[in-house]
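Coordinates in review
So you can see what is in the structure, the chains are spelled out below.
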Amino acid sequence: MKKIPKKIEIETSPARVEVEACIVWCVDPRFRGAREKFLEVTGFKNPDLLIIAGGARSLAMEDSSEQTFAINQLKKLAAAHHWKRLILTVHTDCAMYGGLKAFGSDAAKERKKLLADLKNAKKAARQQLPTDITIETALLDFSGIHAV
């Protein structure tokens, strides 16, 4: 790994862009390529990416500092960038859940928990964010991204 250079030249514009959505995604590098594919397929050019450990799991953790943090970030981003779509994601074998082995290596049991967390995350976001924001959910696994 290289040291950060004193300066890395970039080309970007200071002009504001339209942010069409916010996507909550896990930090797991195994799904970085999936995120790029998701952006390509959905056509999102300038989404807000809220990349946090466990993705939407944080929103499902009722009355926790993680949920408070995630909700506060979403409120700030929605107010600053005026997006009207929120996509919440979680993925299989997530270390924040303890991986698949935390479910006794039972993929069906894991999926049930992930789907329940997406439902609870959506409910928490709906209660805290403006009502004109559409909230969608997706479950990622090693075969694809599944809208749920």
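Look up a bit, the structure's there.
Residue positions are given per chain, counted from 1 along the sequence in the order it is written. Only residues with pLDDT of at least 70 are given local features in this predicted model, and only at 80 or more are side-chain atom pairs given and counted; all residues enter the totals for whole chains, interfaces and linings. With hydrogens and water excluded, all non-hydrogen atoms of the structure serve as input to the side-chain values.

**Section: unusual backbone geometry**
Counted only if it meets this: Strands are runs of DSSP state E lasting at least 2 residues, helices are runs of H or I lasting at least 4, and numbering of each runs from the N terminus. We call a residue buried when its accessible area falls under 20% of the maximum for its residue type, exposed when it is over 50%, and partly exposed in between, using a 1.4 Å probe and counting protein chains only.
A positive phi angle, near 60°, is found at histidine 82, a position not held by glycine. Inspection of the secondary structure assignment puts histidine 82 in the loop between helix 3 (65–81) and strand 3 (85–91). Accessibility expressed as a relative area gives 57% for histidine 82, which makes it exposed. Residue aspartate 93 is not a glycine yet carries a positive backbone phi of 55°. Note on placement: aspartate 93 falls in the loop between strand 3 and helix 4 (107–128). In this structure aspartate 93 comes out as partly exposed when scored by relative accessible area, which is 28%.

**Some points on the environment of methionine 96**
Mapped onto the secondary structure, methionine 96 falls in the loop between strand 3 and helix 4. Note on methionine 96: relative accessible area 38%, which makes it partly exposed. Taking the C-alpha atoms as reference points, methionine 96 and glycine 54, 42 residues apart in sequence, are found 5.4 Å from one another.

**A short note on the environment of isoleucine 133**
Operational definition: Note on definitions: a residue-residue contact is assigned when non-hydrogen atoms from the two residues lie within 4.5 Å.
Position of isoleucine 133 relative to the elements: it lies in the loop between helix 4 and strand 4 (134–141). For isoleucine 133, a relative accessible area of 2% translates into the label buried. Sequence separation between isoleucine 133 and proline 47 is 86 residues; the distance between their C-alpha atoms is 14 Å. Isoleucine 133 has contacts with Ala78, Trp83, Lys84, Arg85, Leu86 and Arg126, leaving out every residue within four places of it along the chain.

The analysis is restricted to geometry; functional conclusions fall outside its scope.
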